[in-house]
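Fold and geometry: a report
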Amino acid sequence: EPEVTQTPSHQVTQMGQEVILRCVPISNHLYFYWYRQILGQKVEFLVSFYNNEISEKSEIFDDQFSVERPDGSNFTLKIRSTKLEDSAMYFCASSPPGQISDTQYFGPGTRLTVL
Amino acid sequence: AQKVTQAQTEISVVEKEDVTLDCVYETRDTTYYLFWYKQPPSGELVFLIRRNSFDEQNEISGRYSWNFQKSTSSFNFTITASQVVDSAVYFCALTLREDDKIIFGKGTRLHILP
């Protein structure tokens, strides 16, 4: 069964460094998302992406964040200058064109640790 | 605005007991979708069920069952004859469209004691 993949599974970085989290959505999907989960808290929406542009973003998704679909398969989340509070699990998700039976498929997550 | 409330932060039960996880949602839209996800200690999100607002039929899948009641805006999840492997954090969630953001509750941490 096709699945969303994310790399790396764990990223450790120094405060102020740039990080890029990578996701490969399911191939025929058109909608892409990033979510964040700070340790022990709920999963929060960051951004959705459709037709090569951001369709919605949350207040968390400030100027430090950007997303890109650099080719036909990858979907990336860049954090320009990481802060301690960016430490979290980041989940990528994708979904096909809207159909009643479909839903968002989540990747396994990337755990980001900012030191 | 949409909201999902899981009032139970943490529950502990002894193996083989039944346990119900509560979920109350808020939305003014008449079309919406409700979900339950399981997050085991390994951290991934495991999709359990999706329900649309027009389908109030309760659902059973093995030891899992879901009770959707629009009159009380609730979508409760029951595990029958719980097992240690059911120990996880369970999230209830809501979305307005298939391609819309998912709004999660804070989750209920379930401990199944041997």
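A short tour of the structure in this document, coming up. A quick note: this is a predicted structure, and the numbers were derived from the prediction, not measured.

Of the pockets and cavities examined, the largest pocket occupies roughly 440 Å³. Together, 24 residues line the largest pocket, and A:Gln37, A:Gly40, B:Gln39, B:Val89 and B:Arg109 are the ones closest to its centre. Contributing elements (two or more residues each) for the lining of the largest pocket: β10 (88-95) and β12 (108-113) of chain B. Ranked by residue count, the leading element in the lining of the largest pocket is β12(B), at 4 residues. Class assignment for the residues of the lining of the largest pocket results in 9 nonpolar, 11 polar and 4 charged. Counted as a void, the second largest pocket has a volume near 280 Å³.

Following the criterion strictly, the structure yields 2 disulfides over all chains and no others. Shown here is the disulfide that connects A:Cys23 with A:Cys92, its sulfur atoms set 1.9 Å apart. Linking A:Cys23 and A:Cys92, the disulfide has an S-S dihedral of approximately -65° and is accordingly described as left-handed. Here A:Cys23, found in strand β3 (residues 19-24), pairs with A:Cys92, found in strand β9 (residues 88-95); they are 69 residues apart in sequence, far enough to count as distant. Here B:Cys23 is linked by a disulfide to B:Cys92, with a sulfur-sulfur distance of 1.9 Å. Taking the torsion about the S-S bond as the criterion, the B:Cys23 to B:Cys92 disulfide, at about -65°, is left-handed. Of this pair, B:Cys23 sits in the loop between β3 (19-21) and β4 (24-26) while B:Cys92 sits in strand β10, placing them 69 residues apart in sequence.

What counts, and where the lines are drawn
- In every chain, residue numbers begin from 1 and rise along the written sequence.
- Naming scheme: in the order in which they are written, chains are lettered from A and ligands are numbered from 1.
- Totals for whole chains, interfaces and linings use every residue, but because this is a predicted model, local features are given only for residues with pLDDT of at least 70 and side-chain atom pairs only at 80 or more, for both listing and counting.
- Just so you know, side-chain values use all the structure's heavy atoms and leave hydrogens and water out.
- Method remark: on a 1 Å grid restricted to protein atoms, a set of points is classed as a cavity if a 1.4 Å probe fits but cannot get out and as a pocket if it is open with protein on both sides within 12 Å along at least five of seven lines; lining residues have an atom within 4 Å of a point.
- Grid points are joined across faces, edges and corners, and a volume is the space filled by probe spheres set on the points.
- Each helix is a run of DSSP H or I of at least 4 residues and each strand a run of E of at least 2, with the numbering of both proceeding from the N terminus.
- Note on residue categories: nonpolar means Ala, Val, Leu, Ile, Met, Phe, Trp, Tyr, Cys or Pro, charged means Asp, Glu, Lys or Arg, and polar means any other residue, Gly included.
- By definition, disulfides here are pairs of cysteine sulfur atoms that lie within 2.5 Å.

These values are about where atoms sit, not about what they do.
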